[in-house]
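Remarks on the overall topology
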Amino acid sequence: MTDGQRSPTSGDGKIVVSGLTKQYKNVRAVDDLSFTVEPGRVTGFLGPNGAGKTTTLRMLLNLVAPTAGTATIGGSRYADLAEPLRQVGAVLEASSAHKGRTGINHLRVIAAAAGLPRSRADEALALVGLTPAAKRKFKGYSLGMKQRLGIAAAMLGDPRVLILDEPANGLDPEGIRWMRGFLKTLATEGRTVLVSSHLLSEMQLLADDVVIIAAGKLVRQGPVDDVIGSMSHTTRIRVRTPQADVLAGALGGENVTVDKGADGVLLVTGLDAPAVGRAALQHQVELHELVAERPDLEGVFLELTAGKAAIR
Ligand SMILES: Nc1ncnc2c1ncn2[C@@H]1O[C@H](COP(=O)(O)OP(=O)(O)OP(=O)(O)O)[C@@H](O)[C@H]1O
């Protein structure tokens, strides 16, 4: 299906979450949460255990009723979408299927129920690289194959929006790399791709944007590079010198910390690389290495969510 053939009601595929709240008896699982997810980009949805990610995705897909607030996809609530499977594909947990059914039959059953052409089952299976296992029974599928089958089911309607909860779970490194390429390609085609994950190093490779939540609330949202850049005060200078003690003594000042590592390495925070280089020059210290280590997504995530109780 091309863009021109898409249902006009699918809008631009932008996801808008506004004031979304879910109160369970004692737990405010999601608390006045607002964020947007743009088409044409992969957005990582991150948060510590119990942050409210799954509850948010379930509200987005009309599986749980919000206590307050709204979540729309292409301007409509999921419940109001005319043909939801053609507009939104979702995988919320490892795919389950009738154990004795083959992969292709599993997809054909879903396609038939949704009024989609039978040929879509073959196309979706090919899309996730499962054609060779089409006639194998589901019970013989590995976890990685089950994940792929779940994604194939989500892709049956050629949706403009894809929502995945922890899609890399159970995948081996090759499977994770495949998933990365697959999701990036979908975004390049202009689709909206929202992915929750705990794998922060993988998210740094995969995501264009991130939405970080903790204890049900928004902590930060934006392009990955901007979110990491916003924490540049945590940039650490790594310097190696045969005169580590001399240099350590020369690097003083308010908010400056100097930790000694092995082999003459000093890890400095509170100064930038030129300042460390200047101090070395002034004290005639020979340098073998001088590197500004920018924080990675994992470091930023841990700092942003530190102390926000995961168990509520
Ligand atoms: N049906 C429910 N009844 C009561 N509390 C619930 C229910 N579903 C979720 N919660 C609670 O809401 C909070 C958020 O849960 P949720 O599963 O959305 O978090 P999560 O970010 O997806 O966590 P994880 O990363 O561990 O999957 C948790 O404290 C959880 O115990």
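As a reminder, the structure under discussion sits directly above these lines.
Since we're looking at a predicted model, the values are computed, not measured.

A word on the side chain of Thr 305
Relative to the assigned elements, Thr 305 resides in helix α11 (residues 297–305). For Thr 305, a relative accessible area of 8% translates into the label buried. A distance of 2.7 Å separates a polar side-chain atom of Thr 305 from the backbone oxygen of Phe 301. Apart from residues no more than four positions distant in its own chain, Thr 305 is found in contact with Pro 48, Ile 212, Ile 213 and Ala 214.

What about the site of the ligand?
Surveying the vicinity of the ligand reveals 13 residues, the closest of which are Gly 50, Gly 52, Lys 53, Thr 54 and Thr 55. Gly 50 places a main-chain nitrogen or oxygen 2.8 Å from an oxygen atom of the ligand. Within the backbone of Ala 51, an N or O atom sits 3.1 Å from an oxygen atom of the ligand. Out of a free accessible area of 640 Å², the ligand has 62% covered by protein chains. If one sorts the elements of the shell around the ligand by residue count, helix α1 (residues 53–60) sits on top with three residues.

Notes on the pairing of strand β7 (residues 192–196)
Counting buried positions along β7 yields five of five residues, so the element is predominantly enclosed. The alternating pattern of β7 places Thr 192, Leu 194 and Ser 196 and Val 193 and Val 195 on opposite faces, both of which are buried. When strand β6 (residues 161–165) meets β7, the two strands line up parallel, connected through five bridges. Within β7, the position partnered with Val 161 by the bridge is Thr 192. Regarding topology, helix α6 (residues 173–188) serves as the crossover connection from β6 to the parallel β7, and that connection is right-handed.

Section: the packing of aromatic side chains
Scanning the entire structure with this criterion turns up three aromatic pairs. With a centroid separation of 5.9 Å and an interplanar angle of 45°, the aromatic rings of Phe 138 and Tyr 141 are classed as tilted. On the accessibility criterion, Phe 138 (6% relative accessible area) is buried. Taking relative accessible area as the criterion, Tyr 141 reaches 4% and is therefore assigned buried. Look at Trp 178 and Phe 182: their rings are 5.0 Å apart centre to centre, the planes differ by 20°, and that puts the pair in the stacked class. Taken together, the residues span about one helical turn, with Trp 178 and Phe 182 both in helix α6 at a distance of four residues. Of the residues examined, Phe 182 reaches a relative accessible area of 8% and is grouped as buried.

Definitions and cut-offs
Residues numbered from 1 in each chain as written. Predicted model: local features only at pLDDT ≥ 70, side-chain atom pairs only at ≥ 80, totals over all residues. Heavy atoms only, no water. Helix = DSSP H or I, 4+ residues; strand = E, 2+ residues; numbered from the N terminus. Buried < 20%, exposed > 50% of the residue type's maximum accessible area, 1.4 Å probe, protein only. Polar contact = N/O pair within 3.5 Å; in protein donor to acceptor, adjacent residues only side chain to side chain. Contact = heavy atoms within 4.5 Å. Near = heavy atom within 4 Å. Areas by Shrake-Rupley, 256 points an atom, 1.4 Å probe, with all protein chains shown as cover. Pairing = 2+ DSSP bridges. Right-handed = clockwise from strand over helix to strand, strands pointing away. Phe/Tyr/Trp six-rings, centres within 6.5 Å; stacked < 30°, edge-to-face > 60°.

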